[in-house]
Every structure is written in structure tokens, then in C-alpha cells.
Amino acid sequence: AQKVTQAQTEISVVEKEDVTLDCVYETRDTTYYLFWYKQPPSGELVFLIRRNSFDEQNEISGRYSWNFQKSTSSFNFTITASQVVDSAVYFCALSEAVGGGADGLTFGKGTHLIIQP
Amino acid sequence: DSGVTQTPKHLITATGQRVTLRCSPRSGDLSVYWYQQSLDQGLQFLIQYYNGEERAKGNILERFSAQQFPDLHSELNLSSLELGDSALYFCASSVVAGGGITDTQYFGPGTRLTVL
């Protein structure tokens, strides 16, 4: 069975600090997809990134970067120079590519990130 | 704005009642997913429909059912409601390319259900 673990329940940093959110996953499939979503206080789930298991290149998007390491089954998310608007709950999720890509996402419990001014 | 719409935004009802949550997917998306977010269980996948047919099932209770209509909107029906059903219910949609490719799921704003 697939599983996603986000061991950090809550992280609090001061604005402009860098912060890394950890995500460790378990799957028996060789083909799978990993996602990060952001849930701000308003409650909606906002898509941030999708990565398939064959693409281990790290990705950078502005102040956001992701480090995917199959050897350690991790897909960590770093925010550089954090801002108050980054305060949210961040979810890591996994989807196994079975049945032609038809599967729900398995989510971690989320990390509540608090950026203090 | 993801392009996925959900109604109503809030719903308050009593135990034993039945409610219907509605979702309209993004334009062009054929697949609709339902998720439940609660403090106890976190975010859980309930069920998926693709082009009108049930495609995958997650942790959906027998008291819950869903369907997708020809215009691709979907409804989640929750019956014999219990206090523990109080949660945020999300709908998501994706294109679903098939062939082993998992598309990104875009989420609606959610319906907050409170069972009293």
C-alpha cells in the first residue's frame, strides 16, 4: 500500500528565513507521481508541482524548489526567503500510475508552516 | 481560481439527514474526484468518476454515493448523516490522459459540512 509521511506537524520561522518541508513516501510501483499542494487559511487546495518517478531533476520556481531523491524515497520542498504569505498547510501527495492513471491521491498529514513577521 | 466549482460552500444539517454536494469540473476535464478532509483522518480519497463512469474507489462509506452526469458535473450524496461526517468535502478534476499517465488534479474550494 502507498503511504506518505510528513513528519513535521508544524514549523515556525521568521520571515526571510529559508525553510524545508520534508516528505517521505512508500510505494511498490516503479511508476508513480508526486505532488505538493498548499492550503492557505482560506481553505482551498492549490496545486504547486507534479513530478513523475522517472524525472529526478530538481525543480526551481521562483522562491520554491523541490528535491526528489528516489534513493531515499523523499520529495522535499524548500522555500527560500520565506514571506508571511507563505503561511499555510502544505501537503505532499502520491499517485500510483495504475489503471491508466485513474487513482486518487494519497496525502500526507500536512505541515503547518507559520511565517512570523 | 482553479476553475472547479462546488456548491454549496457551507451546509449545516442534523444527524440522520441526507445531503447532496455538487461539483462542476474545469472545462475540458473528464474526470472528477471526491475527497474528505477531517481533523481525524486528514485528506482521504473517496471516489473517482471518468466520463460518467465510476473509475476508482477509495475509503468511501456505503452511506455515501456519487454520480457523474452527461454534462460532466458530479454529485456526492451523503445519507444517514452522523456527527463524524462533519468535514470539508473537496471535488477535484483532471483531464486523465490514460496510458499510465497521471494528470494533475485541480481542486475546488470545498463544501464545509456540519452535522449537528
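Predicted model, so just to flag it, every value in this text is computed and none were measured.

1. Quick word on the pairing of strand β6 (residues 46–52) of chain A
Strand residues, when the strand is regular, have side chains that alternate between the two faces of the sheet.
All names here are of chain A.
(1) Moving on: As defined by bridge partners, strand β5 (residues 32–39) adjoins β6 across six bridges and the pair is classed as antiparallel. The partner of L34 across the bridge, within β6, is R51.
(2) Moving on: Hairpin connection between β5 and β6: a loop of six residues separates the two successive antiparallel strands, and G43 in this loop has a positive phi of roughly 105°.

2. Quick word on the state of the cysteines
Residue and element names in this part refer to chain A.
(1) Moving on: Considering all chains together, one arrives at two disulfides over all chains under this definition.
(2) Moving on: Bridging C23 to C92, the disulfide has an S-S length of 2.0 Å. When the S-S torsion is -65°, as for the bridge of C23 with C92, the disulfide is left-handed. Taken together, the residues C23 in the loop between β3 (19–21) and β4 (24–26) and C92 in strand β10 (residues 88–96) connect sequence positions 69 residues apart.

3. Details of the side chain of T111 of chain A
All names here are of chain A.
(1) Moving on: Note on placement: T111 falls in strand β12 (residues 111–116).
(2) Moving on: For T111, a relative accessible area of 0% translates into the label buried.
(3) Moving on: From its side chain, T111 meets the backbone oxygen of Q8 in a polar contact 2.7 Å long.
(4) Moving on: What T111 contacts, discounting residues up to four positions off in sequence, is Q6, Q8, T9, I11, L21, A88, V89 and Y90.

4. Some remarks on the packing of aromatic side chains
Aromatic ring pairs: the centre-centre distance and the angle between the two ring planes describe each pair.
(1) Moving on: This model, assessed by the stated rule, comprises 21 aromatic pairs over all chains.
(2) Moving on: Seen from their ring centres, Y37 of chain A and F47 of chain A are 5.9 Å apart, and the 65° between their planes marks the pair as edge-to-face. Of this pair, Y37 of chain A sits in strand β5 while F47 of chain A sits in strand β6; the two residues are 10 residues apart in sequence, bridging distant segments of the chain.
(3) Moving on: Ring centres 5.2 Å apart and planes at 80° place the aromatic pair Y37 of chain A and F107 of chain B in the edge-to-face group. With Y37 of chain A in strand β5 and F107 of chain B in strand β10 (residues 106–107), this pair bridges two chains.
(4) Moving on: Owing to a relative accessible area of 0%, Y37 of chain A belongs among the buried residues under this scheme.
(5) Moving on: Here a set of aromatic residues connected by ring pairs shows up, and it is made of F35, Y37, F47, F91 and F107 of chain A together with Y33, Y35, F45, F90, Y106 and F107 of chain B.

Reading the values: rules and limits
Residues numbered from 1 in each chain as written. Chains lettered and ligands numbered in written order. Predicted model: local features only at pLDDT ≥ 70, side-chain atom pairs only at ≥ 80, totals over all residues. Heavy atoms only, no water. Pairing = 2+ DSSP bridges. Helix = DSSP H or I, 4+ residues; strand = E, 2+ residues; numbered from the N terminus. Disulfide = S-S within 2.5 Å. Buried < 20%, exposed > 50% of the residue type's maximum accessible area, 1.4 Å probe, protein only. Polar contact = N/O pair within 3.5 Å; in protein donor to acceptor, adjacent residues only side chain to side chain. Contact = heavy atoms within 4.5 Å. Phe/Tyr/Trp six-rings, centres within 6.5 Å; stacked < 30°, edge-to-face > 60°.

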